[in-house]
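Residues per chain, in single letters:
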Protein chains: 2
Amino acid sequence: MTAASDLSSRLRFVLVRTSHPGNIGSAARAIRTMGFTRMDLVSPHRYPDREVTAMAAGADDVLDGARVHAGLIDALAGTSMAFGLSARRREVNLPELTPREAAAQALAAAERGGQVALVFGNERTGLENEELARCHAMVRIPSVDDFSSLNLAQAVQVMAYELRVAMLGETMPAPPPLHDEPPADAAQMERFFEHIAQTLDDIDFHKGRSPTMIMLRLRKLFLRAHMDERELRMLHGILADAQRMAQLANEKK
Amino acid sequence: MTAASDLSSRLRFVLVRTSHPGNIGSAARAIRTMGFTRMDLVSPHRYPDREVTAMAAGADDVLDGARVHAGLIDALAGTSMAFGLSARRREVNLPELTPREAAAQALAAAERGGQVALVFGNERTGLENEELARCHAMVRIPSVDDFSSLNLAQAVQVMAYELRVAMLGETMPAPPPLHDEPPADAAQMERFFEHIAQTLDDIDFHKGRSPTMIMLRLRKLFLRAHMDERELRMLHGILADAQRMAQLANEKK
């Protein structure tokens, strides 16, 4: 079984386009009380800020270690799994999990050696659809329909709490690994999606239709499959051969 | 079974000697998002206060209904059970419950027709021992030992969340399907694997190597993804275009 500190260090809380610095501080405090340390900030509106520090109430190690990124892709670097929190039911084609289900899945992925991200959007607008599209699943905290606006730090607290409870409940041996190879990380998956997109162009798959929906469906399918690096190499090889055929076909036109 | 609204009206959140009005507002919001309505305040330091309203973010019905009491005894009037939240392990002779255990017991008591209180102490000093002595059990949120100071509204959020999950567990609808399309059945998957195998031949992927291992890996990957019929049609389409390119390439040799 993996030590708790190892596991908790594989979980990161990613706050995207946070408006209020006080919420970053409160989130840091929530993260720290539940035994986690890593926070990543994507384009925070005001950071650093004295209000961040005031609301963190001493969770200085979380703040000191917080990394600031320009985009979500950078914040997900090295992760093999990402969960996007959403207050509303969304028109996104993603599995919807409860915080408890997400905590169990996140912990299982961390036990297998992966890095896992919990992603929280802007206070007012939440996550953009294209940000959710980088996630493997959506997490909805079961608020009431007529008043679903959890404060950002409250949402972080609920998720961190469920992860903590899941970790404390971890008395069972580690689950058998799904793979003997290392899991593909977010950057590798992005390169793979770019390769698919290019190949679909090369083999003239779209025939004038918009590639957007197809790419969303392919993302969803392959993110769901939680591929390892060897599987990814195999698929890259297949795509490369399809591209080679397309090139031969075109050269000889 | 009792209706959810009846049950939730039997649960009250009691905030004792709260220092910061913003915390009362945030607590009201947390209570409201989880479907509860009743808040009782014991000797709040500043109340009413504009900061309460600001942080409540529209949870006006909770604020409007909030009752202010001089002492905890008044706030517990009519209750048959009270749970005292405590951040620290205490020298009090009370059963110590997790939030989840407390939620289950609180719900069971409410189902039996009782009124139940969740009692939260002052931000800095918590509940006095004589206040805890009025409770039937102590609830400790499992924070880490070296940083156990949950913000008051965060503690309210965790407890309200656990109560909400416990209540939903009573009436939980079936989980939404992962797909809106019918899942692919075994025969459809076999036809898909035949199509992949044929395509790999056509695009000269194997280059003399045995196809067996590759096909096993592809089977494993795609079976794991639990695809639906629409996804399968999309992949068949991609394979067909790759085959078309291979045919063009070969025709022109």
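Since the model is a prediction, treat every value here as computed from it, not as a measurement.

Calculation rules
- Residues numbered from 1 in each chain as written.
- Chains lettered and ligands numbered in written order.
- Predicted model: local features only at pLDDT ≥ 70, side-chain atom pairs only at ≥ 80, totals over all residues.
- Heavy atoms only, no water.
- Helix = DSSP H or I, 4+ residues; strand = E, 2+ residues; numbered from the N terminus.
- Buried < 20%, exposed > 50% of the residue type's maximum accessible area, 1.4 Å probe, protein only.
- Contact = heavy atoms within 4.5 Å.
- Core = buried A, V, L, I, M, F, W, Y, C linked by side-chain atoms within 4.5 Å.
- Phe/Tyr/Trp six-rings, centres within 6.5 Å; stacked < 30°, edge-to-face > 60°.
- Salt bridge = Lys/Arg side-chain N within 4 Å of Asp/Glu carboxyl O.
- Axes fitted to C-alpha atoms, helices over the stretch in contact; angles between N-to-C directions.
- Parallel < 35°, antiparallel > 145°, perpendicular 65-115°, else oblique.
- Left-handed = near helix turned anticlockwise from the far one by under 90°.
- Nonpolar A, V, L, I, M, F, W, Y, C, P; charged D, E, K, R; others polar.
- Pairing = 2+ DSSP bridges.

**Q** Can you walk me through the side chain of Gln154 of chain B in this structure?
**A** Assignment of secondary structure puts Gln154 of chain B in helix 8 (residues 152-171). Gln154 of chain B gets classed as buried once you look at its relative accessible area, which sits at 5%. Once you skip the residues sitting within four places of it in the chain, Gln154 of chain B turns out to touch Ser26, Ala30, Ala153, Gln154 and Gln157 of chain A.

**Q** I would appreciate a short explanation of the nonpolar core in the present structure.
**A** Buried together is how nonpolar side chains tend to be arranged in soluble globular proteins. Membership of the largest hydrophobic core comes to 96 residues, with the highest contact counts inside it found for Met39, Phe83 and Phe120 of chain A together with Met39, Phe83 and Phe120 of chain B. With sequence-adjacent residues up to four places away left out, Phe83 of chain B is seen in contact with Leu97, Ala102, Gln105, Ala106, Val116, Ala117, Leu118, Val119, Cys135, Ala137 and Val139 of chain B.

**Q** It is not clear to me how the packing of aromatic side chains should be interpreted in this structure. Could you clarify?
**A** Each aromatic ring pair is characterised by the separation of its centres together with the angle its planes make. For the coordinates displayed, the defined rule picks out 9 aromatic pairs over all chains. Arranged with centres 6.0 Å apart and planes meeting at 65 degrees, the rings of Phe222 of chain A and Phe222 of chain B form a pair that is edge-to-face. Here Phe222 of chain A is found in helix 10 (residues 211-224), whereas its partner Phe222 of chain B is found in helix 10 (residues 211-224) on a different chain. A relative accessible area of 4% means that Phe222 of chain A is categorised as buried.

**Q** I would appreciate a short explanation of the pattern of salt bridges in the present structure.
**A** Between side chains of opposite charge, a pair can form as their charged atoms come close. This model, assessed by the stated rule, comprises 28 salt bridges over all chains. Residue Arg38 of chain A is joined to Asp40 of chain A by a salt bridge in which the shortest nitrogen-to-oxygen separation is 2.9 Å. For Asp40 of chain A, a relative accessible area of 0% puts it in the buried group. A salt bridge links Glu162 of chain A to Arg100 of chain B, with the shortest nitrogen-to-oxygen separation between them at 2.9 Å. Pair noted here: Glu162 of chain A is in helix 8 (residues 152-168) and Arg100 of chain B is in helix 6 (residues 99-111), and the two residues belong to different chains. One connected set of salt bridges, linked through shared partners, spans Arg100 and Glu162 of chain A together with Arg100 and Glu162 of chain B.

**Q** Looking at this structure, I do not really get the packing of helix 11 (residues 229-251) of chain A against helix 11 (residues 229-251) of chain B. What am I missing?
**A** When two helices pack together, their arrangement is given by the angle between the helix axes and by the axis-to-axis distance. Close contact between helix 11 of chain A and helix 11 of chain B brings their axes to 8 Å; oriented N to C, the two are set at 45 degrees. For the element pair helix 11 of chain A / helix 11 of chain B, the angle class is oblique. Regarding helix 11 of chain A and helix 11 of chain B, the two cross each other, and that crossing is left-handed. Across from Ala242, Met245, Ala246, Leu248 and Ala249 of chain A in helix 11 of chain A, the residues of helix 11 of chain B making contact are Ala242, Met245, Ala246, Leu248 and Ala249 of chain B. Considered class by class, the residues forming the contact of helix 11 of chain A with helix 11 of chain B number 10 nonpolar, no polar and no charged.

**Q** What am I meant to see in the sheet that holds strand 3 (residues 67-69) of chain B here?
**A** Picture the strands of a sheet paired through backbone hydrogen bonds; they go either parallel or antiparallel. Residue and element names in this part refer to chain B. One open sheet accounts for 7 strands, arranged 3-2-1-6-4-7-5; its pairing is parallel. With one partner strand each, in any of the chains shown, strand 3 and strand 5 (96-97) form the two edges of the open sheet. Alignment of strand 4 (residues 81-85) against strand 6 (residues 116-120), held across 4 bridges, turns out to be parallel. Looking across to strand 6, one finds that Ala82 is bridged to Ala117. On the sheet, helix 2 (residues 21-33) packs against strand 1 (11-16) and strand 2 (38-42) and is oriented at approximately 155 degrees with respect to strand 2.

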